[in-house]
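What the coordinates show
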Amino acid sequence: MTPTVLIRVVGFSDVERHSLNTLFRLSGREGPQYSLWTPESAGPAQAALIDVDSYEAGLELVSPSFNHNLKMICVGSEAPQLAWRTVPRPVEWAALVGLLDELFVVAQSDDDLGSDETEVHTQMPPGVKLALLAGLPKDVRLYLRARLALAGITVVDEVQTLEHMDDSVKARDYDVVLAYVNTTGSDPWVLVKHLQDLEKPVRSAIAVSADSSWKASNLAERMGCIGLLEIPFNPMQVIGLLQRV
């Protein structure tokens, strides 16, 4: 299934927006489907295209509601220091969408034609953080995806089994793995324990559990986690832990 990537667009003339919207509609054939973010969108924006020469950009960049953790591609003459990339005018729109591809396209290699599975290699630009959600229920995954995006972590993989988690952490260098502690299972901590036993430890691990007891929190820390997220979530706890990634 082609993933949809929501892009916040600020400023630009009507003609420029028409060009951009046309390219967004044509995307998705060999990579992500880019779509314009609006306040009514189902999730948060995952990147921003900002016309720094526009009046709207000046208001947006100083707004308390603007998420400065977003990767910003700025068009114009005086981009802020936080900009990930700067594009001069006149804009080459296909090249601009190519910059989005640098953030969100997973390069696939099928050199081994004799294999039943395609080996996936990912080369991420510097500064792009990766997260893995392991074994989590759907509603929990959706919430954490939104929180990760707000924390500037827009590349998120999902797995449900120990075997798939093992394959993923061997294939990619994750900045954080959020592993479910399934209190109804025979071995609730199996995913977290496996992260502890890896030859190459992940950079940060977070346990996610409906068990919010002191014993569970202490066990998570003893297993090398930076903390335990309690279900139902406490937004301030989530924000605090993700700031440590």
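We now turn to the structure provided with this report. Keep in mind that this is a model prediction, so the values were computed, not measured. Counting from 1, residues in each chain are numbered in the order their sequence is written. Since the coordinates come from a predicted model, pLDDT governs what is reported: local features require at least 70, and pairs of side-chain atoms require 80 or more to be given and counted, while whole-chain, interface and lining totals use all residues. The basis for every side-chain value is the complete set of heavy atoms in the structure, and neither hydrogens nor water enter the calculation.

**Let's talk about unusual backbone geometry**
Note the cis peptide between arginine 89 and proline 90, where omega equals -5°. Among the secondary structure elements, proline 90 is positioned in the loop between β5 (85-87) and α3 (93-104). For the bond running from isoleucine 231 to proline 232, omega is 0°, close enough to zero to count as cis. In this description a helix means any DSSP run of H or I spanning at least four residues, a strand means any run of E spanning at least two, and both kinds are numbered starting from the N terminus. The residue proline 232 is located in the loop between β12 (227-230) and α8 (235-242) in this model. Positive phi, close to 80°, is recorded for phenylalanine 12, a residue that is not glycine. Tracing the sequence through the fold places phenylalanine 12 in the loop between β1 (4-10) and α1 (14-26). Throughout, exposure labels follow a simple rule: accessible area from a 1.4 Å probe, protein chains only, divided by the maximum for the residue type, with under 20% read as buried, over 50% as exposed, and the rest as partly exposed. A residue is classified by how much of its surface remains accessible, and phenylalanine 12, at 11% relative accessible area, is buried.

**Notes on the pattern of salt bridges**
The term salt bridge refers to a pairing of a side-chain nitrogen on Lys or Arg with a carboxyl oxygen on Asp or Glu at a separation within 4 Å. All told, the structure shown has 12 salt bridges when counted by the stated rule. Residue arginine 141 pairs with glutamate 158 through a salt bridge whose shortest N-O separation is 2.8 Å. Of this pair, arginine 141 sits in helix α4 (residues 138-150) while glutamate 158 is found in strand β9 (residues 155-159), placing the two residues 17 residues apart along the sequence. Aspartate 187 is paired through a salt bridge with lysine 193; the nearest N and O atoms lie 3.1 Å apart. Via salt bridges that share partners, Glu16, Asp51, Asp53 and Arg89 belong to a single interconnected network.

Just geometry here; none of it tells us what the structure is for.
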